[in-house]
Amino acid sequence: MTPDLAFVEYLYTKYRYEIQGMHAIQKQRISQLDFKPHFDDMESELLYMLVREFAPSFSIEFSPYFGYSTTWILAALRKNNNGLLKSFDIVDFSYPKVKASGLADRWEFVLGDVTQNYPIFEYADIDFVFIDSDHTREFANRYCREFLAPLHEQAIKSCKIIPVMTHDIYSWETKEVPTEEGEEVLNFLKERDIPYFTASCFYENFPKLKEIRGKLGITSSVHAVEGNPSIMYFLGVR
Ligand SMILES: C[S@@+](CC[C@H](N)C(=O)[O-])C[C@H]1O[C@@H](n2cnc3c(N)ncnc32)[C@H](O)[C@@H]1O
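This section reports on the structure supplied with the text.

What follows covers the overall build of the chain. The helix and strand tally for the chain stands at seven helices and seven strands. Helices and strands in the chain line up, N terminus first, as α-α-β-α-β-α-β-β-α-β-α-β-α-β. The C-alpha atoms of the chain give 16 Å as radius of gyration, which agrees with the globular expectation for 238 residues (18 Å, within 12%). Viewed in the frame of its principal axes, the chain has a C-alpha envelope of about 40 × 40 × 35 Å. Here the contacts in the chain between residues at least 6 apart in sequence split such that 80% fall between residues at least 24 apart. Across the chain, the 25 positively charged side chains and the 35 negatively charged ones have centroids separated by 6 Å.

Another point: the site of the ligand. Neighbouring the ligand are 19 residues, the closest being Ser-63, Ser-69, Asp-89, Asp-113 and Asp-132. Contact distances for the ligand include 2.8 Å between a nitrogen atom and a side-chain N or O atom of Ser-69. Coverage of the ligand by the protein amounts to 88% of the 610 Å² it exposes when considered alone. Of all elements in the fold, only α3 (68–80) and β2 (84–89) reach the threshold of two or more residues within the shell around the ligand.

Counted according to the given criterion, the structure contains 12 salt bridges. For the salt bridge of Arg-142 with Glu-146, the shortest nitrogen-to-oxygen distance reads 3.1 Å. You can see Arg-142 and its partner Glu-146 sitting in helix α5 (residues 137–157), four residues apart, about one turn around the helix. A relative accessible area of 28% means that Glu-146 is categorised as partly exposed.

Where helix α2 (residues 41–54) contacts helix α7 (residues 205–215), the two axes come as close as 12 Å, and the packing angle between them is 70°. Relative to α7, α2 is oriented roughly perpendicular. Every pair of crossing elements has a handedness; the one defined by α2 and α7 is left-handed. Note on element contacts: α7 touches α2 through Phe-206, Leu-209, Lys-210 and Arg-213, opposite Asp-41, Met-42 and Glu-45. When its residues are assigned to classes, the contact of α2 with α7 shows three nonpolar, no polar and four charged.

Once that is clear, we can look at the pairing of strand β5 (residues 161–166). The buried fraction of β5 is high, at five of six residues. Strand direction decides the pairing type here: strand β4 (residues 128–131) and β5, joined by three bridges, are parallel. The partner of Val-129 across the bridge, within β5, is Val-164. In this fold, β4 hands off to α5, which returns the chain to β5; that crossover is right-handed. Of the strand pairs in this sheet, β5 and strand β7 (residues 231–236) are connected by six bridges, and their pairing is antiparallel. Across the sheet, Thr-166 pairs through a bridge with Ile-231, a residue of β7.

So, about the side chain of Ser-200. Topologically, Ser-200 is positioned in the loop between β6 (196–198) and α7. For Ser-200, the contacting residues outside a window of four places in its chain are Tyr-170, Phe-206, Gly-227 and Asn-228.

Before going further, it helps to spend a moment on the sheet that holds β5. Strand order in the open sheet formed by seven strands is β3-β2-β1-β4-β5-β7-β6, with mixed pairing between adjacent strands. In the strand order of this sheet, the two ends are held by β3 (107–111) and β6, each with one partner. Strand-to-strand twist across the sheet, computed as the mean angle between neighbouring axes with direction ignored, equals 15°. Across the sheet, α3 is in contact with β1 (58–62), β2, β3 and β4; its angle to β2 comes to roughly 170°.

Examined against the element boundaries, Gly-214 turns out to sit in helix α7. Residue class for Gly-214 comes out partly exposed when judged on its relative accessible area of 34%. Residues Gly-214 and Thr-2, 212 residues apart in the sequence, show an inter-C-alpha distance of 24 Å.

Within β7, six of the six residues are buried, leaving the element largely enclosed by the surrounding structure. Pairing geometry for β6 and β7, over three bridges, is antiparallel. In the strand pairing of β7, Phe-197 is matched with Met-232.

Here the focus is helix α1 (residues 5–33). Spanning 29 residues, α1 covers only 34 Å between terminal C-alpha atoms, well under the ideal 42 Å at 1.5 Å per step. The largest bend in α1 is about 70°, located at Tyr-15. Asp-34 sits one or two positions beyond α1 and adopts a positive phi of about 50°.

Criteria and cut-off values
Residues numbered from 1 in each chain as written. Predicted model: local features only at pLDDT ≥ 70, side-chain atom pairs only at ≥ 80, totals over all residues. Heavy atoms only, no water. Helix = DSSP H or I, 4+ residues; strand = E, 2+ residues; numbered from the N terminus. Rg over C-alpha atoms; globule rule 2.2 N^0.38 Å. Contact = heavy atoms within 4.5 Å. Lys, Arg positive; Asp, Glu negative; His and termini not counted. Charge placed at Lys NZ, Arg CZ, Asp CG, Glu CD. Near = heavy atom within 4 Å. Polar contact = N/O pair within 3.5 Å; in protein donor to acceptor, adjacent residues only side chain to side chain. Areas by Shrake-Rupley, 256 points an atom, 1.4 Å probe, with all protein chains shown as cover. Salt bridge = Lys/Arg side-chain N within 4 Å of Asp/Glu carboxyl O. Buried < 20%, exposed > 50% of the residue type's maximum accessible area, 1.4 Å probe, protein only. Axes fitted to C-alpha atoms, helices over the stretch in contact; angles between N-to-C directions. Parallel < 35°, antiparallel > 145°, perpendicular 65-115°, else oblique. Left-handed = near helix turned anticlockwise from the far one by under 90°. Nonpolar A, V, L, I, M, F, W, Y, C, P; charged D, E, K, R; others polar. Pairing = 2+ DSSP bridges. Right-handed = clockwise from strand over helix to strand, strands pointing away. Expected span 1.5 Å × (residues − 1). Bend = angle between axes of the 7 residues up to and from the residue.

This is the structure we're talking about:
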């Protein structure tokens, strides 16, 4: 399975009505609960659709901040009627917001440094990962070596695909050049010959996805920022 434009078009075609509904719901959540979103529309939609499509039993998120990305994952898990999300952050701003959103029944929040958990994660249990945390090169290098590498090895042993989305691979400052975190993650993927997909506004998929979404009736926006600096990729078997 390859995370390419054809796969993403398939997802949009399948989940377009849910995405339209999520736009209205998330707009309301942002205005009522002040989530201070650090996550743009297309990447939010991709995150939601990946969780819907792969129906993970156990997902990991680092890190929620005020919990905006968390609500997209939890909304998809609720629709799946299956799965748990464990989110790690050194601040607990997300806790009251996610609770107030009414989505916390499939959620466990852990207050603390996620790096402490790399040696003790049950890698065989993890089915889905979202990473949007400390954006330094050092942090990224460490999560590639100490978290993604063992997760990839375990996924191959278990013959499974683990979808991962990582934020801030691109940025408004560096544009089409990857950030320092981006360089670390893209090197990790290149060494293992793992393809990735981005909806970043600095790359050609962005206008193509806008057109695909428009034709499917996804014309509104949840919030105005359109950078979409994430990438998505699949660890484990192809
Ligand atoms: C960019 S914000 C996440 C934004 C969030 N995903 C959203 O949708 O709004 C980055 C978060 O990483 C957290 N963080 C930084 N270093 C961390 C660490 N070592 N362990 C856990 N969380 C960390 C910060 O506290 C912050 O809440």
